[in-house]
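Residue-level listing of the chains:
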Amino acid sequence: MNQSRMDQAGGEDGRDRLRELDETLDRLRADLPSPPTDATDFADSGQYLAAREELEGQIELLESERERLREQLGIS
């Protein structure tokens, strides 16, 4: 395969991955739990914080991957 075809294929794969990342980020952000509005016990508060921190960590990793991919594709 010549270089231009390899670049084109890589670019298409990269753009597909970028779309997947954007969709996943949108879904994860929508899944972020809201802070409890009522009085909760410590177990409920701990579960809320753990779930939120896990999702925020996943979002952070995916955002980093998205930025690297955008740089590789020359998208600002």
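A. The nonpolar core, seen in detail. Counting residues in hydrophobic clusters, the biggest one holds 8 residues: Leu18, Leu21, Leu25, Leu28, Leu55, Ile59, Leu62 and Leu69. Of all the elements in the fold, those that place two or more residues in this core are helix H1 (3-31) and helix H2 (42-73). Residues in contact with isoleucine 59, not counting those within four places in the same chain, are Leu25, Leu28, Arg29 and Leu32.

B. Structural view of the pattern of salt bridges. Applying the stated criterion to the full structure yields 8 salt bridges. With its nearest N and O atoms 3.8 Å apart, the salt bridge here joins arginine 27 to aspartate 31. One end of the pair, arginine 27, and the other, aspartate 31, are both in helix H1, 4 residues apart, so they sit about a helical turn from each other. Arginine 27 gets classed as partly exposed once you look at its relative accessible area, which sits at 46%. On the basis of relative accessibility, which here comes to 44%, the residue aspartate 31 falls in the partly exposed class. A salt bridge links arginine 66 to glutamate 67, with the nearest nitrogen and oxygen atoms 4.0 Å apart. According to the relative accessible area criterion, arginine 66 is buried, its value standing at 18%.

C. The arrangement of the side chain of arginine 66 in detail. Counting through the fold element by element, arginine 66 comes out in helix H2. Apart from residues no more than four positions distant in its own chain, arginine 66 is found in contact with Leu18, Leu21, Asp22, Leu25 and Arg29.

Conventions we followed
Residues numbered from 1 in each chain as written. Predicted model: local features only at pLDDT ≥ 70, side-chain atom pairs only at ≥ 80, totals over all residues. Heavy atoms only, no water. Core = buried A, V, L, I, M, F, W, Y, C linked by side-chain atoms within 4.5 Å. Buried < 20%, exposed > 50% of the residue type's maximum accessible area, 1.4 Å probe, protein only. Helix = DSSP H or I, 4+ residues; strand = E, 2+ residues; numbered from the N terminus. Contact = heavy atoms within 4.5 Å. Salt bridge = Lys/Arg side-chain N within 4 Å of Asp/Glu carboxyl O.

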